[in-house]
Amino acid sequence: MSTIKPPVKIPRTVWLLGCVSMLMDISSELIHSLLPVFMTVALGASATTLGVIEGAAEAVALIVKVFSGVISDYVGKRKWLTTLGYGLAAFSKPLFALANTVGWVFTARFTDRIGKGIRGAPRDAMIADVTPAEIRGAAFGLRQALDTIGAFAGPLLAIVLMLSWANNFRAVFWAAVIPAFLAVLLLIIGVRESAPAMPAGTKRPFPISRAALGELSSAYWWVVIIGAVLTLARFSEAFLVLRAHQGGLSLAWTPLVFVVMNITYAALAYPLGQLADKVSHRTLLMLGILPLIAADILLAHSAQLEWVGVGLVFWGLHMAATQGLLAAMVADTAPPALRGTAFGVFNLASGLVMLVASVLAGLLWDRLGADATFYAGAIFSSAALVLLALRKN
C-alpha cells in the first residue's frame, strides 16, 4: 500500500531572506520611485543622462554578481558576502539625501548597486542550496513575491511622505535609511547558512577558471542568452516613471507607477513560481514575454494615464512570470558546486546588456520621443520570443 508524501515545505531560510529583501526594497523604492523626477525636475538632468546613470548603476549591480557568485562557490560560504552587500546598500542611503548634483546621485546609486551586486548571486545560491529541486520554482517565486511587496510598499510610503512633507525629496530619502538597516540586522541575527549540496569529494572550483566554465552545460548558456535578450528589451524602469509624469502625474504621485506595477508582480510571483514547477519552463517563459510586448505597445501608443496604467499592469505580469522562472532555470541547469558562479555569469551578461539598453532608451527618448523607446522594447521582446520559439527543447 502506497503512502502519500506530505507536501514539501519551503525552508525557513527562504522566508527570512525574502523578508530581508522586502525591507531593503522598501528602503530602495522609497528613493528609486522618486529618483527619476528628482533628477530631471530638481537637478535638471536629461533623459539620456538618466539612462546613462540608471544603466551604469544596474549594469554594475549585475556585473559584480559574477565575482560574488564565484567567490561564494570557492570559499563555500555565502552569508558573509550577502551581509556585505546588504550592508553596503544600507550605508549608501544617506548619500541620496545629501545629493545636490547629478554626480552625487551617481555616486550614491553606484554604491547602492554595488551592494546589490555583491549580495544577489550568493543569496540566490543560498536559496538553491537549502531548497529541494521539486519546489525550487515556488521558493524563488516566494522570495521574489516578498521582495516585490517591499517594492510597492516603498512607493506607497513615498507618496504618503511626499504629500505630508510638501514634496521634500530629501526628508523622504532620510526616512529610507531605517528599513535598510533593519534588513541588515535581520540578516545577521536570523539567517543561518547551510553548506552547499555538493557530492562527496567535489573540489571547490577556482574562481572563473576555464575548467569551471566548461562544466556549465549548453542548456545553461541558452538561459544566459535568453536572459540577455530580455534585458535588452526591458530597460530601466525609470522610463516608466518619466512616461507617467509626461502624462500628467504630479511629483508626489509618481511613485504610484511602482505601486501599480509591483502589486501585480507581488500578487502573481508566487503562484506563477508554483506553476513553473509543473509546466515546461520554455512554454511559461514564452507566455511571460507576451505581456511585455503588450506593455511596450500601450506605453508607446499614449502617455495618457489610463493607457500607462494598463501598460504597468502588463509589465508587472511579465516580471512575475519571468524573473523567478529565470532564476529557477539557472539553478536547474548548473551543477550544485557552481551555482554561485552560474548566477554570477548570468547576471554579468544581463548587466552588460542593461547598460546598452538604458543608454539606448535615453537616446531614443531625447532624439525621437518616448514612443520610439517603447517601440524598440517591443521589437527586442519579440526577438526573444522568436528565439524561444525556434528552440526545440
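The subject of this paragraph is the overall build of the protein. Helix and strand content of the protein: 16 helices and 0 strands. Here the C-alpha atoms of the protein give a radius of gyration of 20 Å, agreeing with the 21 Å that 2.2 N^0.38 yields for 393 residues. Based on the C-alpha atoms only, the size of the protein along its principal axes is roughly 65 × 45 × 45 Å. Counting the 393 residues in the protein, one finds 59% classified as buried. A sequence separation of at least 24 residues applies to 85% of the contacts in the protein between residues at least 6 apart.

Moving on, we get to helix H1 (residues 12–32). The terminal C-alpha atoms of H1 lie 29 Å apart, and with 21 residues this matches the ideal 30 Å at 1.5 Å per residue to within 8%. Counted residue by residue, H1 has 18 buried out of 21 residues, so it is predominantly covered.

Turning to the packing of aromatic side chains, a few remarks are in order. Applying the stated rule across the entire model yields 11 aromatic pairs. Each ring, one from Phe-235 and one from Phe-239, has its centre 5.9 Å from the other, and the planes form 90 degrees; the classification is edge-to-face. Phe-239 matches Phe-235 in its accessibility class, with the two residues each being buried. A connected cluster of aromatic rings, assembled from ring pairs, spans Phe-235, Phe-239, Trp-315, Trp-365 and Phe-374.

Within the largest apolar cluster, 111 residues are counted, with the highest numbers of intra-cluster contacts made by Phe-173 and Trp-315. No other element matches helix H14 (residues 305–333), which puts 13 residues into this core. Once residues lying within four places of it in the same chain are set aside, the contact partners of Trp-315 are Arg-234, Phe-235, Glu-237, Leu-240, Met-261, Leu-292, Ala-295, Asp-296 and Leu-299.

Tallying each qualifying case throughout the model produces 8 salt bridges. Among the ionic pairs, Arg-109 bridges to Asp-112, the shortest N-O distance being 3.9 Å. One end of the pair is Arg-109 and the other is Asp-112, both in helix H5 (residues 102–130) and 3 residues apart, which spans about a single turn. We note that Arg-109, like Asp-112, is buried. Each of Glu-54, Lys-93, Arg-109, Asp-112 and Arg-113 takes part in salt bridges that share partners, so that together they form one network.

Its 21 residues give helix H13 (residues 281–301) an end-to-end C-alpha distance of 31 Å, which sits within 8% of 30 Å, the value for a rise of 1.5 Å per residue. The complete set of buried residues in H13 reads Leu-284, Leu-285, Gly-288, Ile-289, Pro-291, Leu-292, Ile-293, Ala-295, Asp-296, Leu-298, Leu-299 and Ala-300. For H13, the secondary structure elements touched by its buried residues are helix H10 (218–233), helix H11 (238–246), helix H12 (256–276), H14 and helix H16 (370–390). The N-cap of H13, judged by a side-chain oxygen 3.3 Å from the amide nitrogen of Arg-282 a few residues on, is Ser-280.

Turning to a nonpolar patch on the surface, a few remarks are in order. A contiguous nonpolar patch, built from Phe-67, Ile-71, Tyr-74, Val-75, Trp-80 and Leu-84 and spanning about 570 Å² of accessible area, is present on the exposed surface. Going through the elements one at a time, helix H3 (47–75) and helix H4 (79–98) are the ones with two or more residues in the nonpolar patch. Element by element, the count of residues in the nonpolar patch is highest for H3, at 4 residues. Topologically, Val-75 is positioned in helix H3.

This paragraph deals with the environment of Ala-47. As for its position among the elements, Ala-47 is in helix H3. For the pair formed by Ala-47 and Trp-365, sequence separation is 318 residues and the distance between their alpha carbons is 6.7 Å.

What follows concerns the confidence of the model for the protein. When the pLDDT values of the protein are averaged, the result is 85; 92% of them are 70 or greater. Counted against residues more than four places away or in other chains, residues 1–5, with its pLDDT under 50, gives 0 contacts.

Two elements in contact, H10 and helix H15 (residues 339–368), have axes whose closest approach is 8 Å; the angle formed by their N-to-C orientations is 25 degrees. Considering the angle they form, H10 stands roughly parallel to H15. Read as a crossing pair, H10 and H15 show a hand that is right-handed. The segment H10 lies against H15, with Tyr-220, Trp-221, Val-223, Val-224, Gly-227, Ala-228, Thr-231 and Leu-232 engaging Thr-341, Ala-342, Val-345, Phe-346, Ala-349, Ser-350, Val-353, Met-354, Val-356 and Ala-357.

What follows concerns unusual backbone geometry. In this structure, Ala-166 is a non-glycine residue whose phi angle is positive, near 55 degrees. In this structure, Ala-166 sits in the loop between helix H6 (136–164) and helix H7 (169–175). In this structure, Asn-167 is a non-glycine residue whose phi angle is positive, near 60 degrees. When you line up the elements, Asn-167 lands in the loop between H6 and H7.

Two numbers describe how helix H2 (residues 35–42) lies on H11: the axes approach to 8 Å, and their chain directions differ by 60 degrees. By the criterion of interaxial angle, the relationship of H2 to H11 is oblique. Helix-helix and strand crossings are classified by hand; for H2 and H11 the assignment is right-handed. In contact with Pro-36, Val-37, Thr-40 and Val-41 of H2, H11 contributes Ala-238, Val-241, Leu-242 and His-245.

You can see Thr-131 is positioned in the loop between H5 and H6. A polar contact of 2.6 Å, which involves the side chain of Thr-131, links it to the backbone oxygen of Ile-127.

About the criteria used
Residues numbered from 1 in each chain as written. Predicted model: local features only at pLDDT ≥ 70, side-chain atom pairs only at ≥ 80, totals over all residues. Heavy atoms only, no water. Helix = DSSP H or I, 4+ residues; strand = E, 2+ residues; numbered from the N terminus. Rg over C-alpha atoms; globule rule 2.2 N^0.38 Å. Buried < 20%, exposed > 50% of the residue type's maximum accessible area, 1.4 Å probe, protein only. Contact = heavy atoms within 4.5 Å. Expected span 1.5 Å × (residues − 1). Phe/Tyr/Trp six-rings, centres within 6.5 Å; stacked < 30°, edge-to-face > 60°. Core = buried A, V, L, I, M, F, W, Y, C linked by side-chain atoms within 4.5 Å. Salt bridge = Lys/Arg side-chain N within 4 Å of Asp/Glu carboxyl O. Polar contact = N/O pair within 3.5 Å; in protein donor to acceptor, adjacent residues only side chain to side chain. Patch = residues over 30% accessible without salt bridge, like charges linked within 9 Å, V, L, I, M, F, W, Y side chains within 5 Å. Areas by Shrake-Rupley, 256 points an atom, 1.4 Å probe, with all protein chains shown as cover. pLDDT = per-residue confidence, 0-100. Axes fitted to C-alpha atoms, helices over the stretch in contact; angles between N-to-C directions. Parallel < 35°, antiparallel > 145°, perpendicular 65-115°, else oblique. Left-handed = near helix turned anticlockwise from the far one by under 90°.

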